[in-house]
Amino acid sequence: MAGIVRPPDDATTIENAFRAHLENPFFVLALPPDASPLDIDRQSQKLSSMLAADLAEARRYATPFGPGERTAELVRAAVAELADPARRLTHEWWARGFAGAATGPEAGGP
Amino acid sequence: MYIGIDLGTTNSSLAVFDGQAVSVVPNAAGENLTPSVVRLDPRGNVVVGRRARAALENDPTSTRREWKRLMGTAELLSFGAGSGRALSPPELSAHVIASLLGDARDALGFAPRAAVISTPALFEVPQNHATVEAGKRAGLEEVVLIQEPVASAIAAGWRGDGAGTWMVFDLGGGTLDVSLLETTEGRLRVVDHAGDNFLGGKDIDQALLDLVMRQARAQLGSSPALRPRGTAERTGPRPRRALERLQVACEQAKIELSRAREAVVLVDAADLGLGGAAAQDSGPAPTEVVVTRADLERVMAPFMDRSLTLVQAVLEKNHRTADEVARVVLVGGPTLTPLVRARLGQMFGGRLAEGIDPMTIVARGAALFAGTAGLDARPRPSAAPARRGLSVRIEHPAVTADLEPFVVGRFLPSPGESLPARVRIERSDGGFASAPATPSPEGSFVVQVELERGKQNQFRLFAEDQARAPVALGTERFAIVQGLSVSDPPLGRSVGVACADDLVQVYFPKGTPLPARRMFVHRTAQPVAARDAKDALCVPVVQGESARAHRDRLIGVLRVRGVRDDLPAGSRIEVTLQLDRSGQLHARADIPALGQTFEEIVHLLVPTATVETVAREVEAVGRRADGVQRRAFEAGAPAAVTASSSVAGLLLEAERSLPEAEGGDADALQKVHRLLLDANTALDDAEAVLEWPDLQTESRRTALYYTPLVAAWGTAAEQQLYDQVLQAATAAEKARNAPELERQLEAMRAIGRASYSRNPRALESELDWVAAHVADAGDVARANHLVERARIARNEGNQITLRALVAEIWTLFPAPPELQQKSFGSGVR
């Protein structure tokens, strides 16, 4: 085992990985994995405006692991992630895997 | 009113966007470009621009130019014996910005309070920080930075020339930026960019000057060999002035040769100490040296080769060909040179964007971006306007490509005031009216509006109460411009934390939109003594694309010291990094066990190399290059030889610049340092080729080990993902792509470990292993204690406790000290 195996993922690594799943762009934007570029653009603009207006309904989003806290940076990062085709594919894969399991406020999205 | 500033190495300009059109603000001399030159006259007054530049010839010691490369360094530029003062690069830039803002004030009738300032795409965090500082020193309240290629693409895209892939080729005074952009559905996105911080018009001017000097010597009958720089040619006041005059003359000749076939350069042979009897005979009269366009193209050829190599690399990295690029936007004065246009035209089938002034395109784009960001330059009202109605906050995009954006509003009633029952929004031209909407109990509403394409759309908000009577509002009107949307300025290089095992935890990958904030949990790799100010744990922050920390650039160090209790190794530490829109870095570390937060971050500037250090580095890189090339030949690895083929040229250029650096030229020092970084990167690539056979072996061993584990214990999803990763690894191996193969192997290990963890015997095997190696732990006593507790848990069949204890034991196994040292002394895992 010691030859090529490095120390396994500890709780820290698992926690960091969990946080990455929590911030899946499709969850952040409350969009389905097949959302079009126009859907993404429009929804992100709507959410950004709602956050700027400090609307409570925009501050939380639903994920399979419980609600997440939505921020303006997270919305921008989500848009950038989905604009990259390779990265979008990974996020789609994970989001489809968790499809229908979202819990928390705004399960249907604002 | 939105303002954009192009703060160039050679020239700067300012543009204004009024919501409809963009225009460049001329300076007091009526010119669109203000030379980035600052002079301190004998009375200590600051002179900026053309008048300062005119003094370069006669009073070069009191005049400074081309300091942009030194932004982010601690360098102070002195202004000679007359004033006795020294200014930092941000202070110099502040004077230029203040001059531009003064011109804007004269043109617009108000002093601008906010602006977007452009920076090269490869500017690092410390350099961006210095640029913001310069803007604030110049009197701006708000400064937002934009990368120059993004700005120029915005300016070119604003003409609505359709979708597709573009390239921006920005060859300025000191830097080259090559950017690949996409416009789809009205949204502009930077796909990738690369550049060279030491390739620009200035380098071409220097090469032309060298040619002129050689020709002058030949004409005067002295040796044509170049005399080393840093000698009497530069150190005396007369030779220095003569050299400055010659530099200006060469630059003018270069510009003239864009239109003419030849130009005459006057050389003060006597002042420059150019030997030969002819120089003596000619007396004070200057020597005329004729330079032809062919001469210029010959000296420019190596720079063009380097430029086009960079262009080709960007295309290949993004799996695109030159044929797929719809347009190439040219930016910067040097792109007016026929050779540049000819070579690029040849590469891209003539698809060069025409009709856009390459000298002011960046300022125009910056002004347009200011509009997108809503960065109004007009002064804020000093007092709140008299209240006329119900207060309402309206949020909407200032500029958008979407024809049906959302408008979000929130009423802010004072005590005694009621919320309206209904709202609606109408477009002032009568072309749109929304259906009535009911505000939420919070007083908010979200309404989708329709825009007229390509113009500023004016809207008015109406509200009425239950009785349908109009409700007076404090704010009713707003405007949205329909045009090109811009993705947030992307981060030029990845930023992350260097860990003790010399690996990087990436927080912000390259391309992350700014601003951005991210938190990761780490573990301390060493203990920290309580209340010991000297005992600090370092969290190094690095910038770069290498997974190995020591190959990236250290940009900051977060220090954890003065902890109130002893902090053992393996303690949880939550590190948050934040980059603002300008790329400025903020960092904090939270240690839950202590309830303490640490925000002491040392911002490291672009390292300023000393002459002694750099001279030793040149020797060291030379020795390393010899070693790598010897290994390459012995191994019969031509690919390694190819990978390191650029090193000889880089070292030669570094050696040529060393004497200049010895003469006190800070710019040359930085240039040498950068060249050595590039040489080391090329040697890293060559060594990666040499290590390829070992990587292939590792790939096979990893697959052999983990494939059965995943097959036996992995879930269906893990098995599917593992198959995909295996295919990707095979493809990477076939393409001999070492970084990609390393990434896929890491993914295989992660999936394999996750699968293996489902083996009921997995934990017991791990416990046996760590128990056998406990002497290697950083805290042996604690490790022994944990092993004992884990054995008890195992005997009791308590899997949950056993898992937690084994995980904790692993955190006590440190990285080897030499790795930790390599990783900037990182104290975190």
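Residues numbered from 1 in each chain as written. Chains lettered and ligands numbered in written order. Predicted model: local features only at pLDDT ≥ 70, side-chain atom pairs only at ≥ 80, totals over all residues.

A. Quick look at the sheet that holds strand S33 (residues 596-598) of chain B. All names here are of chain B. Spatially, four strands are ordered S28-S31-S32-S33 in an open sheet, and the strand pairing comes out antiparallel. In the strand order of this sheet, the two ends are held by strand S28 (516-523) and S33, each with one partner. Across this sheet, the average inter-strand angle for adjacent strands is 20 degrees, counted without regard to direction. Alignment of strand S31 (residues 572-579) against strand S32 (residues 585-591), held across six bridges, turns out to be antiparallel. Looking at S32, one finds that Leu-579 is bridged to Leu-585. (Pairing = 2+ DSSP bridges. Helix = DSSP H or I, 4+ residues; strand = E, 2+ residues; numbered from the N terminus. Axes fitted to C-alpha atoms, helices over the stretch in contact; angles between N-to-C directions.)

B. Quick peek at the packing of helix H5 (residues 148-157) of chain B against helix H12 (residues 361-372) of chain B. Residue and element names in this part refer to chain B. Close contact between H5 and H12 brings their axes to 7 Å; oriented N to C, the two are set at 85 degrees. Considering the angle they form, H5 stands roughly perpendicular to H12. Mapping the contact onto sequence places Glu-148, Ala-151, Ser-152, Ala-153, Ile-154, Ala-155 and Ala-156 in H5 and Ile-361, Val-362, Arg-364, Gly-365, Ala-366, Leu-368 and Phe-369 in H12. A per-class count over the contact of H5 with H12 returns 10 nonpolar, two polar and two charged. (Parallel < 35°, antiparallel > 145°, perpendicular 65-115°, else oblique. Contact = placed C-beta atoms within 7 Å. Nonpolar A, V, L, I, M, F, W, Y, C, P; charged D, E, K, R; others polar.)

C. Quick peek at the nonpolar core. Ranked by internal contacts, the top residues of the largest apolar core, which has 105 residues, are Ala-366, Ala-367 and Ala-370 of chain B. The dominant element in this core, judged by the number of residues it contributes, is H12 of chain B, at eight residues. Per-domain counts for this core show at least three residues from each of domain 1 (2-159 + 360-372) and domain 2 (164-352) of chain B. Excluding its chain neighbours within four sequence positions, the residues that come into contact with Ala-366 of chain B are Gly-4, Ile-5, Asp-6, Ala-15, Val-116, Ile-117, Ser-118, Ile-146 and Ala-151 of chain B. In this structure, Ala-53 of chain A together with Val-560, Ile-573 and Leu-577 of chain B belong to the second largest nonpolar core, which totals 93 residues. (Core = buried A, V, L, I, M, F, W, Y, C linked by C-beta atoms within 7 Å. Buried ≥ 20, exposed ≤ 12 C-beta atoms within 10 Å, placed from the backbone. Domains from an automatic or database assignment.)

D. Inspection of the interface of chain B and chain A at higher detail. At the interface, 45 residues of chain B touch 30 residues of chain A. Considering each element in turn, the side of chain B that touches chain A owes the most residues, six residues, to S28 of chain B. For the side of chain B that touches chain A, the per-class residue count stands at 17 nonpolar, 13 polar and 15 charged.

E. Geometry of the confidence of the model for chain B. Residue and element names in this part refer to chain B. For chain B, mean pLDDT is 83; residues scoring 70 or higher make up 89% of the total. Mean pLDDT values for the elements of chain B range from 44 in helix H7 (residues 232-235) up to 97 in strand S21 (residues 422-427). Below a pLDDT of 50 lies the segment residues 223-234, which in the model reaches 26 contacts outside its immediate sequence neighbourhood of four places, other chains included. Across the predicted assembly, pTM comes out at 0.61 and ipTM at 0.85. (pLDDT = per-residue confidence, 0-100.)

F. Region of the structure containing the environment of Pro-513 of chain B. Within the fold, Pro-513 of chain B resides in the loop between strand S27 (504-508) and S28. For the pair formed by Pro-513 of chain B and Asp-580 of chain B, sequence separation is 67 residues and the distance between their alpha carbons is 9.8 Å.

G. Quick peek at the packing of helix H21 (residues 780-796) of chain B against helix H22 (residues 799-810) of chain B. All names here are of chain B. Contact geometry of H21 with H22 gives a least axis separation of 9 Å together with a crossing angle of 160 degrees. By the angle between their directions, the pair H21 and H22 is classed as roughly antiparallel. Crossing of H21 over H22 shows left-handed handedness. Two secondary-structure elements touch here, H21 through Ala-783, Leu-786, Val-787, Arg-789, Ala-790, Ala-793 and Arg-794 and H22 through Thr-801, Leu-802, Leu-805, Val-806, Glu-808 and Ile-809. (Left-handed = near helix turned anticlockwise from the far one by under 90°.)

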